[in-house]
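Coordinates in review
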Amino acid sequence: MTAQLIDGKIIAEAVRREAAEETAKLKAQTGQAPTLAVVLVGDNPASQSYVTSKGRACEEAGMGSITHRLPATATQAEVEELVRALNADPAVNGILVQLPLPKGLDEEAVLNLISLNKDVDGFHPMNIGQLVMKGRTPQFIPCTPAGCIEMLVRSGIEIAGKDAVVVGRSNIVGVPVAALLQNADATVTTCHSKTKDLPAKVRNADIVVAAIGRPEYVRGEWLKPGCAVIDVGINRIPDATKKSGARLVGDVAFAEAVEVAGYITPVPGGVGLMTVAMLLTNTVRAFKLQHGIA
Ligand code: GUN
C-alpha cells in the first residue's frame, strides 16, 4: 500500500489565499491592514529563518509585518519592555515572540505579558488553559497544532471517535495538539520518553502525530495499516549526496511509513508550511477582535 500524501504546500496555499482575501476586505473596510510584530532574541539560525518566512508570508498576504531583533545579551527587562510597547501600540494586532528564547531569559514571564487579544501564537497560559478545558474557547489556537488539525480536516480524515496517539509532549506542539484532537472527539494517548512499549501504543492509532524532534524515530512497522500520519519533525541530518551535505527529515521514517499508512505528511512540504499559514489566520482574527468585526 502507498499512502496518500497530505500536501502541505497545497493546503497552506489555500489557507494563505483565504487570509489574503480576508485582509483585502478588511483593508477596504477599515483602511488598515492586519499587522504582526515578531520578536526575535539572539541569533539561533533556525529561528532566524522561521522569522524571515513569517515576515515574508505576511507581506505576500498584504499584511503588515514588523520584526524586532534583540541581541542574545538582551535582558529580561528589555524583552519585557518591548512586549509592553507592542501591547500598547494600536498599529500592532498580533505579537509573536519566537521561541526558544536564549538561556537566562524567563520564557514564561514573557509569554504571560503578551496581551490576550494579540496572542497570535496562542501560548499565553490563559489561551492554553482554555484550550485544555472542556467547553471553553481560547481566543487563539497555537499555529503548528492548528495546522495539524487543518491538514486532517481538509483531507477529509474523520477525527471524532478515532484513536489518536501524539508522540511528544512539548508546550509548542504535543500538549496543544493532544487537546485539539480530544476537543474534536478523538480518544487521545500522549506518549513520551517514559512511555512503555511505544510501538504498541502507535500500532493502536488511527491518527499519529509525531512531534519528538528525533529524526525518523517512528518506524513504519509501528503503524496500523491505513492510519493517518502527521509528521511535525524537521530534523537536519548529514547526507553526502547533497551539495549542502545535509537534508531534512521528519520524526517518522517516511520511506517505511508511506508503505503502511493511508495518509502521510511529507518533510519538507508538510506541517512546516502550515505553521506560517495558520499564523496569518490568527493575525486576521486578532485584527477583527481589536476592531470589533465579527
Ligand atoms: N518555535 C518553534 N515553533 C514556534 C512557534 O510556532 N511559535 C514561536 N513563537 N516559536 C516557535
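Presented here is an overview of the structure given in this document. Note that this is a predicted model, so its numbers are computed, not measured. (Residues numbered from 1 in each chain as written. Predicted model: local features only at pLDDT ≥ 70, side-chain atom pairs only at ≥ 80, totals over all residues. Heavy atoms only, no water.)

A count of helical and extended segments in the protein gives 10 helices and 11 strands. Taken over C-alpha atoms, the radius of gyration comes to 19 Å for the protein, in line with the 19 Å a tight globule of 294 residues would show. The principal-axis extent of the C-alpha atoms belonging to the protein is close to 50 × 40 × 35 Å. Evaluated residue by residue, the protein yields a buried proportion of 48% over its 294 residues. In the protein, 29 positive and 30 negative side-chain charges are present, and the distance between their average locations comes to 2 Å. (Helix = DSSP H or I, 4+ residues; strand = E, 2+ residues; numbered from the N terminus. Rg over C-alpha atoms; globule rule 2.2 N^0.38 Å. Buried < 20%, exposed > 50% of the residue type's maximum accessible area, 1.4 Å probe, protein only. Lys, Arg positive; Asp, Glu negative; His and termini not counted. Charge placed at Lys NZ, Arg CZ, Asp CG, Glu CD.)

Let's shift gears to the packing of helix 6 (residues 143–154) against helix 10 (residues 271–291). Contact pair helix 6 / helix 10: the axes reach a minimum separation of 8 Å and the direction vectors enclose 105°. Classified by the angle their axes make, helix 6 and helix 10 are roughly perpendicular. In this structure, helix 6 contributes Cys-143, Thr-144, Ala-146, Gly-147, Cys-148, Glu-150 and Met-151 to the contact, and helix 10 contributes Val-271, Met-274, Thr-275, Met-278, Leu-279 and Asn-282. (Axes fitted to C-alpha atoms, helices over the stretch in contact; angles between N-to-C directions. Parallel < 35°, antiparallel > 145°, perpendicular 65-115°, else oblique. Contact = heavy atoms within 4.5 Å.)

Turning our attention to the pattern of salt bridges. With the rule as written, the count across this model stands at 10 salt bridges. Glu-22 is the partner of Lys-288 in a salt bridge, and the nearest nitrogen-oxygen pair spans 2.8 Å. Of this pair, Lys-288 sits in helix 10 while Glu-22 sits in helix 1 (residues 8–30), and the two are 266 residues apart along the sequence. The partner of Glu-256 in a salt bridge is Arg-219, with the nearest N and O atoms 2.3 Å apart. Linking Glu-256 in helix 9 (residues 254–257) with Arg-219 in the loop between strand 7 (207–210) and strand 8 (228–231), this pair joins segments that are 37 residues apart in sequence. Glu-256 gets classed as partly exposed once you look at its relative accessible area, which sits at 30%. (Salt bridge = Lys/Arg side-chain N within 4 Å of Asp/Glu carboxyl O.)

Turning to the pairing of strand 7, a few remarks are in order. Burial along strand 7 is two-sided: Ile-207 and Val-209 and Val-208 and Ala-210, pointing in opposite directions, are all buried. Relative to strand 7, strand 5 (residues 163–167) runs parallel, the two being bridged by four bridges. By the bridge assignment, Ala-164 is partnered in strand 7 with Ile-207. (Pairing = 2+ DSSP bridges.)

A word on the layout of surface pockets. Empty space within the largest pocket amounts to approximately 1,200 Å³. Looking at the lining of the largest pocket, the elements that each hand over two or more residues are helix 1, helix 2 (45–60), strand 4 (94–97), helix 6 and helix 10. In terms of residue count, the dominant contributor to the lining of the largest pocket is helix 2 (nine residues). There is about 260 Å³ of room inside the second largest pocket. Along its surface, the second largest pocket is lined by 15 residues, and Ile-141, Ala-146, Glu-150, Leu-180 and Met-278 are the ones closest to its centre. Of all the elements in the fold, those that place two or more residues in the lining of the second largest pocket are helix 6, helix 7 (174–183) and helix 10. Taken together, the residues of the lining of the second largest pocket sort by class into eight nonpolar, five polar and two charged. (1 Å grid on protein atoms, 1.4 Å probe; cavity = no way out; pocket = protein on both sides within 12 Å on 5 of 7 lines; lining within 4 Å. Points joined across faces, edges and corners; volume = space filled by probe spheres on them. Nonpolar A, V, L, I, M, F, W, Y, C, P; charged D, E, K, R; others polar.)

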